Amino acid sequence: MSSDKAVMLQFEGVGMTFPDGTVALEDVDISIGRGEFVALLGPSGCGKSTLLRIASGLQPETSGRVETTTDQVGYVFQDATLLPWRTVERNVGLFAELEGMGKTQTKNEVAKTLEIVGLSAFAGHYPRQLSGGMKMRVSLARSLVLHPELFMFDEPFAALDEITRQSLNDEVLRLYGAEQFTGVFVTHSVAEAVYLSSRVVVMAARPGRVKEVFDVPFGYPRTAELRYDPAFAELTGLVSQSLRGAH
Amino acid sequence: MAAATPGRQSPSKARARSGWFASRTAEIVLPIAVGLSVIGLWYFVSYVVLSERRRFVLPPPHKVVAVGFLDGHNLMSELEGLWTTTRVAVAGLLIAMVIGFLVAILMSQAKWIETSLYPYAVVLQTIPILALVPLIAFALGYSFWSRVVVCVLIAVFPIITNTFFGLQSAEPAMHDLFTLHRADRYTRLVKLQVPASLPAVFTGLRISAGLSVIGAIVGDFFFRQGDPGIGLLIDTYRNSLQGERLYASIILSSLLGLAVFWLFGALGKAVTGSWYRPTSG
Ligand SMILES: Nc1ncnc2c1ncn2[C@@H]1O[C@H](COP(=O)(O)OP(=O)(O)OP(=O)(O)O)[C@@H](O)[C@H]1O
Ligand SMILES: [Mg+2]
């Protein structure tokens, strides 16, 4: 399905063996087109985080090839990893600051982004004064300020309650619609994977590899009704089955 | 220091748990009660335990106040001694800070520097520096600066270890994000490692400030030339059996230690108080 689109991120026979001998990934082939949203599912330890680290250049692969056509990368972790000594506003401006964006432009972008994620009223708060969900929004906003072309999410909402998680899923979909980034989203929740993505990649462990790929036929924009669609239930069922076989 | 420290609930919870003993009134009443008991015990030892002939070992509190603090001449010489000691302690602490911060930052920048320097930082701590004071006096002479050297030696270790620990305390994920967004070494140090280190730095400073004061006072015992410090006065009063002035000087010395400890506590709070809550319990 990505044949008609420019490729944004491509793994070709990627393998990763750590110095201690752990084979985290073996012969992974995934091609992700510009503007696609791919979810990665798989048992713990199958190398999902490692794959994202390799894609973003934080970790060099030990075999195969990774190609990206952008260096505008956003990265969101499970922990919000905010700087506790900075206010919300200054946390959101951090990456722009690191990348050398001008002061006025940063200020404007930060204000706009806080508006988008609904945190304008908390600009002057410190992270310790925020709820988990709000911290996560700050973490999203921080990357969003730079308008990344490739956005990677490593179980960003795993620590949140279900309601907060669903509302942040809708937030991500909204941002995806507005920003047109390419998304790679790691999660342990099958429903979340199917709800967000245009393709679900199920991985297996020991060694980490691609087990099965599911195309998600639902178009964007998506709304919460999708969660109650029988076709949605059917697909999550299939993916769950595949995931169970991967353990 | 996890980013997700739940700083908001814990204080109120702690208060609810321990009830009256943690209330504001109790925070004032209880220490005062302890203080009064100590004074009572002091009188008891002074008048009941000690015979009149031996009372100079521990003169009663009101005599200490009258002779040691209310006599203008006595008070002046004690304060002058205290001032001399304070100057030595402050100079020693400032130099220890410069050296300590530099060494800690160097150690945080490259593993090989850490590996090369750390053993010496540890050795420095295990040397009984106070026992070396006579040697230092012998080697460096009896000037102001050799007293300062004692303070530096005794105060520098906690600054090195706490600062180094603080600089290492930023989460790996945070470092990854700095890498991803092309931060150079200097930016990483200034925007991530140094701010992350501040709570630990102030912990180290508080310890070192107290140690520097102790170093200066003990140094006074050995450096008998130049302006007499409060430590020398303590020794002199002890030899001449001037119990009242002896205890007044000891009280002044401990007040100096307290002041310094409090100062760095307050400074730390002013700098990190808005975002940092120490996790207790
Ligand atoms: N720095 C490292 N050194 C050695 N082994 C590592 C290192 N990092 C990860 N591994 C190993 O590589 C494998 C894959 O780890 P990874 O974190 O990518 O898994 P994951 O799929 O993200 O798991 P989870 O779902 O629990 O987050 C695991 O077996 C892990 O122990
Ligand atoms: Mg992971």
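This structure is a prediction, so every number in the text was calculated from the model and none was measured. (Residues numbered from 1 in each chain as written. Chains lettered and ligands numbered in written order. Predicted model: local features only at pLDDT ≥ 70, side-chain atom pairs only at ≥ 80, totals over all residues. Heavy atoms only, no water.)

Chemist: Please provide a residue-by-residue account of the pattern of salt bridges, values included.
Modeler: In total, this model carries 18 salt bridges over all chains according to the counting rule given. In this structure, Asp176 of chain B and Arg53 of chain A form a salt bridge, with 2.6 Å as the shortest nitrogen-oxygen distance. Separated into two different chains, Asp176 of chain B in helix α8 (residues 172-180) and Arg53 of chain A in helix α1 (residues 48-56) make up a pair that spans both. Among the residues examined, Asp176 of chain B registers a relative accessible area of 16% and is labelled buried. Asp220 of chain B is the partner of Arg147 of chain B in a salt bridge, and the nearest nitrogen-oxygen pair spans 3.1 Å. (Salt bridge = Lys/Arg side-chain N within 4 Å of Asp/Glu carboxyl O. Helix = DSSP H or I, 4+ residues; strand = E, 2+ residues; numbered from the N terminus. Buried < 20%, exposed > 50% of the residue type's maximum accessible area, 1.4 Å probe, protein only.)

Chemist: Which residues make up empty space enclosed by the protein, and what values go with them?
Modeler: Using the criterion set out here, one finds three cavities of 30 Å³ or more in the structure. Estimated volume of the second largest cavity: approximately 40 Å³. Surrounding the second largest cavity, Asp71, Gln72, Val73, Glu99 and Leu146 of chain A together with Leu180, His181 and Arg182 of chain B form its lining. Classifying every residue of the lining of the second largest cavity by side-chain character gives three nonpolar, two polar and three charged. (1 Å grid on protein atoms, 1.4 Å probe; cavity = no way out; pocket = protein on both sides within 12 Å on 5 of 7 lines; lining within 4 Å. Points joined across faces, edges and corners; volume = space filled by probe spheres on them. Nonpolar A, V, L, I, M, F, W, Y, C, P; charged D, E, K, R; others polar.)

Chemist: Before we move on, can you summarise the interface of chain A and chain B with the specific residues and values?
Modeler: Counting residues at the interface gives 25 residues for chain A and 24 residues for chain B. Across the chain A to chain B interface the summed buried area is about 2400 Å²; carbon plus sulfur atoms make up 62%. Taken as a group, Trp85, Leu98 and Arg128 of chain A account for 33% of the area that chain A buries against chain B, more than any other trio of residues on that side. Taken together, the connections running from chain A to chain B amount to four salt bridges. When the shortest N-O distance is used, the salt bridge between Asp71 of chain A and Arg182 of chain B registers 3.8 Å. Where chain A touches chain B, the interface holds seven residue pairs in polar contact (both at pLDDT 80 or more). Elements with a contribution of two residues or more to the side of chain A that touches chain B: α1, β5 (73-76), α3 (94-98) and α5 (132-144) of chain A. The dominant element in the side of chain A that touches chain B, judged by the number of residues it contributes, is α3 of chain A, at four residues. Per-class residue counts for the side of chain A that touches chain B are 13 nonpolar, four polar and eight charged. (Contact = heavy atoms within 4.5 Å. Buried area = accessible area lost by both parts, 1.4 Å probe. Polar contact = N/O pair within 3.5 Å; in protein donor to acceptor, adjacent residues only side chain to side chain.)

Chemist: Describe the sheet that holds strand β9 (residues 209-215) of chain A, and please don't skip the residues or the numbers.
Modeler: Remark on secondary structure: sheet strands pair via backbone hydrogen bonds, oriented parallel or antiparallel. All names here are of chain A. In spatial order, the strands read β5-β6-β7-β3-β8-β9; together these six strands make up an open sheet with mixed pairing. The sheet terminates laterally at β5 and β9, the two strands that pair on one side only. For this sheet, the mean inter-axis angle between neighbouring strands, taken without regard to orientation, is 15°. Taken together, the four bridges between β5 and strand β6 (residues 150-154) define a ladder with parallel strand orientation. Note that in β6 the partner of Val73 across the bridge is Leu150. Packed onto the sheet, α5 meets β5 and β6 and runs at close to 170° relative to β5. (Pairing = 2+ DSSP bridges. Axes fitted to C-alpha atoms, helices over the stretch in contact; angles between N-to-C directions.)

Chemist: Explain the packing of aromatic side chains to me, using residue names and the numbers behind them.
Modeler: All names here are of chain A. Within this structure, the stated rule accounts for 20 aromatic pairs over all chains. Chaining the aromatic ring pairs together yields one cluster made of Phe37, Phe151, Phe153, Phe157, Tyr176, Phe181, Phe185 and Tyr220. A cation sits over an aromatic face here: Arg227 above Tyr195, 3.8 Å from the ring centre. (Phe/Tyr/Trp six-rings, centres within 6.5 Å; stacked < 30°, edge-to-face > 60°. Lys NZ or Arg CZ within 6 Å of the ring centre and 35° of its normal.)

Chemist: Before we move on, can you summarise the domain arrangement of chain A with the specific residues and values?
Modeler: All names here are of chain A. We note that the domain assignment places domain 1 (1-70 + 157-211 + 243-247) and domain 2 (73-147) within chain A. A C-alpha centroid distance of 24 Å is found between domain 1 and domain 2. Linking domain 1 to domain 2 there are one salt bridge. The closest approach of N and O atoms between Arg137 and Glu171, which form a salt bridge, is 2.5 Å. Applying the counting criterion to the domain 1 and domain 2 interface returns five residue pairs in polar contact (both at pLDDT 80 or more). Those elements giving two or more residues to the side of domain 1 that touches domain 2 turn out to be α1 and α6 (162-179). Per-element tally for the side of domain 1 that touches domain 2: the top contributor is α6, with eight residues. Of the residues belonging to the side of domain 1 that touches domain 2, the class tally is nine nonpolar, five polar and four charged. (Domains from an automatic or database assignment.)

Chemist: Residues and numbers for the nonpolar core, please.
Modeler: A general feature of soluble globular proteins is that nonpolar side chains tend to end up buried together. Of all hydrophobic cores here, the largest spans 95 residues; its most connected members are Leu9, Phe11, Leu40, Phe153, Val194, Val200 and Val239 of chain A. With six residues, α5 of chain A is the single largest residue contributor to this core. In this structure, Val200 of chain A is in contact with Ala39, Leu41, Ala193, Val194, Glu212, Val213, Phe214, Val216 and Val239 of chain A, ignoring residues within four places of it in sequence. Grouped together as the second largest cluster of nonpolar side chains are 37 residues, Ala96, Ala155, Ala216 and Leu252 of chain B included. (Core = buried A, V, L, I, M, F, W, Y, C linked by side-chain atoms within 4.5 Å.)

Chemist: Describe a nonpolar patch on the surface, with residues and values.
Modeler: Where nonpolar side chains cluster on the molecular surface, the patch consists of Ile28, Val29, Ile32, Leu36 and Ile39 of chain B and spans about 460 Å² of accessible area. By secondary structure assignment, the location of Ile32 of chain B is in helix α2 (residues 24-49). (Patch = residues over 30% accessible without salt bridge, like charges linked within 9 Å, V, L, I, M, F, W, Y side chains within 5 Å. Areas by Shrake-Rupley, 256 points an atom, 1.4 Å probe, with all protein chains shown as cover.)

Chemist: Residues and numbers for unusual backbone geometry, please.
Modeler: Trans peptide bonds make up most of the peptide bonds, and negative phi angles are found at most residues other than glycine. Residues and elements named next belong to chain A. Residue Pro207 is reached from Arg206 by a cis peptide bond, and omega for that bond is -10°. Relative to the helices and strands, Pro207 resides in the loop between β8 (199-204) and β9. Residues Tyr220 and Pro221 are joined by a peptide bond in cis, for which omega reads -5°. Along the chain, Pro221 turns up in the loop between β9 and α8 (230-246).

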